[in-house]
Each structure stands twice: as structure tokens, then as C-alpha cells.
Amino acid sequence: MKRSVVKLDEKDKVKKIERWRKIAQMASEQSGRDAITKINNVININNVCNLIEKYDIVLIAYENEQINNLREEIKKLKDLKKDNLNLGVIIGPEGGIDEIEYEELVSHGARSISLGKRILRTETAPIMISSILMYELGDI
């Protein structure tokens, strides 16, 4: 994304992905999960837009969202009553999501959500969203 602070070259991307996959495997084993969280390759915004249609729902945490929030989307998810929901969540980079990139993601079907008044770090937002989704959708 445009506002990403960290810029990785190809060698760094490979190392980061390997590290993230090891972390995902260890975390899955530690938590007793049968399925290991899948870590894909680093991709650009155009590739993300092309992937949105492969999910049942894609949420995008956007700091400028004023109306829709995670609570409202969880209500909609519960109404679906689907056991194997294929859910995607997009978290922006350290510098926030650029408005043009945001519009592109939404035009491809991503649903914008607010996470409240606080701006969370890129590292902590996914943990918060995952925890809430797991609790509310019955995985905890």
C-alpha cells in the first residue's frame, strides 16, 4: 500500500514470509488448532482487490469510517448462520490506508468498518479483530 513505512525487497519478503509461517505454525500448535493459519505471499493492492470475490465477506478496518462498525458486521455474520464462513480482514499499513486504495477495495466488495475512536497499531489491530470475531462467532 502507498503509505506502508516498511519497504521490503524480494530477499526480505522471502525471509519475512518464512518467519510469519513459523510463527503461525507454532501459534496453531500452542493453541491446539487443527488448521494452521495460512500466510500468503506479499501482494499489491490490485491483487488484493482480485481476491475479494473469493471470500464470503471481506472487512476493511478504515480509520475514517463513521457509520459502520465491527459490531454491526458481526450481527450480519451471525444472521448468515454459515458454518464455514470464508472471512477476510484487511488491516492498513502504519501510515493508514490511502483514500484511493480504500475506494478501490470497497468498489471490489470489501465492507468498511470502524474499530472505534482509537487508532490501533498495525500489529495490534489484527489481534483485536481476531479475538472479537472468535468470541462472537463461537470459537472461544
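For every chain, the first residue of the written sequence is number 1, and numbering continues from 1 onward in sequence order. Two thresholds apply to this predicted model, a pLDDT of at least 70 for residue-level local features and 80 or more for giving and counting side-chain atom pairs, whereas whole-chain, interface and lining totals are computed over all residues. Here the side-chain values reflect all heavy atoms present in the structure, with hydrogen atoms and water set aside.

Re helix α1 (residues 10-31)
Right, on to step 1. Where helices and strands are cited, they refer to DSSP runs of H or I of at least four residues and of E of at least two residues respectively, numbered from the N terminus. Take the residue count of a helix, subtract one, and multiply by 1.5 Å to get its expected span. For α1, built from 22 residues, the straight-helix expectation of 32 Å at 1.5 Å per residue is met to within 8% by its first-to-last C-alpha distance of 31 Å.
Right, on to step 2. When accessible area is computed with a 1.4 Å probe and restricted to protein chains, residues below 20% of their type maximum are described as buried, those above 50% as exposed, and intermediate ones as partly exposed. Listing the buried residues of α1 in full gives I17, A24 and S28. One face of α1 carries all of its buried residues, which in axial projection span an arc of 25 degrees. What points out from α1, more than 90 degrees from its buried face, is the exposed set K11, K15, K22, M26, E29 and Q30.
Right, on to step 3. Just downstream of α1 lies G32, where phi reads positive at about 75 degrees. This arc is built from the directions going out from the helix axis to the C-beta atoms.

Details of the pairing of strand β1 (residues 57-61)
Right, on to step 1. Most of β1 sits inside the fold, with 5 of its 5 residues counted as buried.
Right, on to step 2. Covered by surrounding structure in β1 are I57, L59 and A61 together with V58 and I60, the residues of both alternating faces.
Right, on to step 3. Two strands make a pair as long as DSSP finds a minimum of two bridges between them. Strand direction decides the pairing type here: β1 and strand β2 (residues 87-90), joined by 4 bridges, are parallel. Across the sheet, V58 pairs through a bridge with G88, a residue of β2.
Right, on to step 4. As defined by bridge partners, β1 adjoins strand β3 (residues 111-113) across 3 bridges and the pair is classed as parallel. Bridge assignment links L59 to a residue of β3, and that residue is R111.

Topic: a nonpolar patch on the surface
Right, on to step 1. A cluster of nonpolar residues, W20, I23, M26 and V42, forms a patch on the protein surface that exposes about 350 Å² of accessible area.
Right, on to step 2. Looking at where W20 falls in the secondary structure, it is placed in helix α1.
Right, on to step 3. Look at W20 and you get partly exposed, because its relative accessible area is 34%. Patch membership requires more than 30% relative accessible area and the absence of a salt bridge. Residues of like charge join within 9 Å; the nonpolar side chains Val, Leu, Ile, Met, Phe, Trp and Tyr join within 5 Å. Computed with a 1.4 Å probe, the accessible areas rest on the Shrake-Rupley method; for each residue, only the protein chains presented here act as cover. Salt bridge criterion: a side-chain nitrogen from Lys or Arg within 4 Å of a carboxyl oxygen from Asp or Glu.

Some words on the layout of surface pockets
Right, on to step 1. Both cavities and pockets are sets of points on a 1 Å grid over the protein atoms alone; in a cavity a 1.4 Å probe fits but cannot get out, in a pocket the set is open with protein on both sides within 12 Å along at least five of seven lines, and lining residues sit with an atom within 4 Å of a point. Grid points are joined across faces, edges and corners, and a volume is the space filled by probe spheres set on the points. The volume enclosed by the second largest pocket comes to roughly 350 Å³.
Right, on to step 2. If you trace the second largest pocket, you find 20 residues lining it, with A61, E63, P93, I119 and L120 closest to the centre.
Right, on to step 3. Partitioning the lining of the second largest pocket into residue classes produces 10 nonpolar, 5 polar and 5 charged. Amino acids are sorted into nonpolar (Ala, Val, Leu, Ile, Met, Phe, Trp, Tyr, Cys and Pro), charged (Asp, Glu, Lys and Arg) and polar (every other residue, Gly among them).

Details of the packing of aromatic side chains
Right, on to step 1. Think of it this way: a Phe, Tyr or Trp ring, Trp meaning its six-membered ring, pairs with another when their centres are within 6.5 Å, and the plane angle makes it stacked under 30 degrees, edge-to-face over 60, tilted otherwise. Here the structure, examined in full by the defined rule, presents 1 aromatic pair.
Right, on to step 2. Ring geometry for Y62 against Y102: centres 3.7 Å apart, planes inclined by 10 degrees, an arrangement best described as stacked. Separated by 40 residues along the polypeptide, Y62 in the loop between β1 and α3 (70-80) and Y102 in helix α4 (residues 99-107) bring together distant segments of the chain. This pair shows no difference in class: Y62 is buried, exactly as Y102 is.

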